[in-house]
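Here is what each chain is made of, one letter per residue.
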Amino acid sequence: LLEFYSDCMFKAPHFHQLSYIAEPSEVYAYQFQQNGIDLLRNSFNISGAGHGTELIYLFGPTLMQQIVGRRFTPNEDRLSVTLKRLWVEFIRQGSVRTNPYSYVTVWRRYNNDEDNFIVLKTNNNQPPQQSVIHYPSTEDLIFRHRISLWNDLLPKLHNITNQDIIPAKIEPTGMHLTTDQPYRSAMYTLIAFVIVLLILLIICVVLLKRRAKERERDLF
């Protein structure tokens with residue numbers, strides 16, 4: 001359910017917006033996957049990178065000390081330095097047109113067909129000299145098929161009306177698609193369906209227990 005909610009409310013709208021602004025504008029996309037900083041100080045069990053945690057790396061060790069109460073590890077410090085360098089290039093040039101620091105992975109302009117965003121993270125099992133900029137892995141790209149449920153399938157189903165259903169002899173005029181994305185209503189519908197299934201499961205368990213007790217009484 002957590003991944004379901006995350007896909008619906010964050011990932012799908014993000015990539016839907018990215019697909020619109022990438023064509024007319026020069027856009028550079030990244031995915032921050034650094035683990036290890038819990039802004040709630042272990043009061044909540046989270047996995048992956050929290051929203052906005054890259055700002056701690058961007059503003060440096062002082063903010064880390066104030067919010068989290070510790071200093072950067074060597075790997076985190078390298079990630080912080082890399083983030084600052086990339087952001088400085090944006091401030092100076094307005095984009096990352098070159099690779100001024102000779103990073104192995106080049107951050108190119110985002111293209112919808114290539115899906116060429118970068119991944120920012122470090123691995124604590126590797127030395128601090130490791131690269132912190134990576135190309136998306138196969139697993140990173142697979143989730144695009146999951147969010148196609150929200151960005152492609154559900155909008156098409158939502159926009160099918162009676163006027164779109166025409167006799168087979170007449171050539172179709174096309175399906176009218178709008179930018180209205182029924183994320184919230186579809187999510188609530190599917191969650192309600194899951195809740196109904198859970199209720200039915202609980203009822204079945206209760207009935208089975210009652211049946212088992214009746215059999216025990218019959219035996220004795």
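Here the structure is shown first, and the text comes after it.
About the cut-offs
- Residues numbered from 1 in each chain as written.
- Predicted model: local features only at pLDDT ≥ 70, side-chain atom pairs only at ≥ 80, totals over all residues.
- Heavy atoms only, no water.
- Helix = DSSP H or I, 4+ residues; strand = E, 2+ residues; numbered from the N terminus.
- Buried < 20%, exposed > 50% of the residue type's maximum accessible area, 1.4 Å probe, protein only.
- Contact = heavy atoms within 4.5 Å.
- Areas by Shrake-Rupley, 256 points an atom, 1.4 Å probe, with all protein chains shown as cover.
- Expected span 1.5 Å × (residues − 1).
- Core = buried A, V, L, I, M, F, W, Y, C linked by side-chain atoms within 4.5 Å.
- Pairing = 2+ DSSP bridges.
- Patch = residues over 30% accessible without salt bridge, like charges linked within 9 Å, V, L, I, M, F, W, Y side chains within 5 Å.
- Salt bridge = Lys/Arg side-chain N within 4 Å of Asp/Glu carboxyl O.
- Lys, Arg positive; Asp, Glu negative; His and termini not counted.
- Charge placed at Lys NZ, Arg CZ, Asp CG, Glu CD.
- Polar contact = N/O pair within 3.5 Å; in protein donor to acceptor, adjacent residues only side chain to side chain.

1. Side note on the overall build of the chain
Next, step 1: When helices and strands are counted, the chain shows 6 helices and 3 strands.
Next, step 2: Moving toward the C terminus, one meets the helices and strands of the chain in the order α-β-α-α-α-β-β-α-α.
Next, step 3: For the chain, with 220 residues in total, the buried portion stands at 28%.
Next, step 4: For the chain, the share of sequence-separated contacts (at least 6 apart) that also reach a separation of at least 24 residues comes to 60%.
Next, step 5: Of the roughly 15500 Å² of accessible surface on the chain, 58% is carried by carbon and sulfur atoms.

2. Concerning helix H5 (residues 138–158)
Next, step 1: End to end, H5 covers 31 Å across 21 residues, agreeing with the expected 30 Å (1.5 Å per residue, within 8%).
Next, step 2: Turning to H5, its buried residues are Asp140, Phe143, Ile147, Trp150, Asn151, Leu154 and Pro155.

3. Remarks on the nonpolar core
Next, step 1: Residues Phe32, Tyr57, Leu79, Leu86, Trp107, Leu120 and Ile133 are the most contacted members of the largest nonpolar core, which totals 17 residues.
Next, step 2: Only helix H2 (54–59), helix H4 (74–93) and strand E2 (118–120) provide two or more residues apiece to this core.
Next, step 3: No other element matches H4, which puts 3 residues into this core.
Next, step 4: Excluding anything up to four places from it in sequence, Leu120 contacts Tyr30, Gln31, Phe32, Gln33, Gln34, Leu79, Leu83, Leu86, Val132 and Ile133.

4. Comments concerning the sheet that holds strand E3 (residues 133–134)
Next, step 1: Taken in spatial order, the 3 strands make up an open sheet running E1-E2-E3, and their pairing is mixed. This sheet does not close on itself; its edge strands, each paired only once, are strand E1 (30–32) and E3.

5. Remarks on a positive patch on the surface
Next, step 1: Among the surface-exposed residues, Lys209, Arg210, Lys213 and Arg217 lie close enough to one another that they form a single positively charged patch.
Next, step 2: Following the sequence through the fold, Lys213 ends up in helix H6 (residues 183–219).
Next, step 3: Using a relative accessible area of 53% as the deciding quantity, one classes Lys213 as exposed.

6. A look at the side chain of Gln33
Next, step 1: Within the element layout of this structure, Gln33 appears in the loop between E1 and H2.
Next, step 2: Separated by 2.4 Å, the side chains of Gln33 and Gln31 make a polar contact.
Next, step 3: Leaving out residues up to four positions away in the same chain, Gln33 has contacts with Ala49, Val119, Leu120, Lys121 and Asp140.

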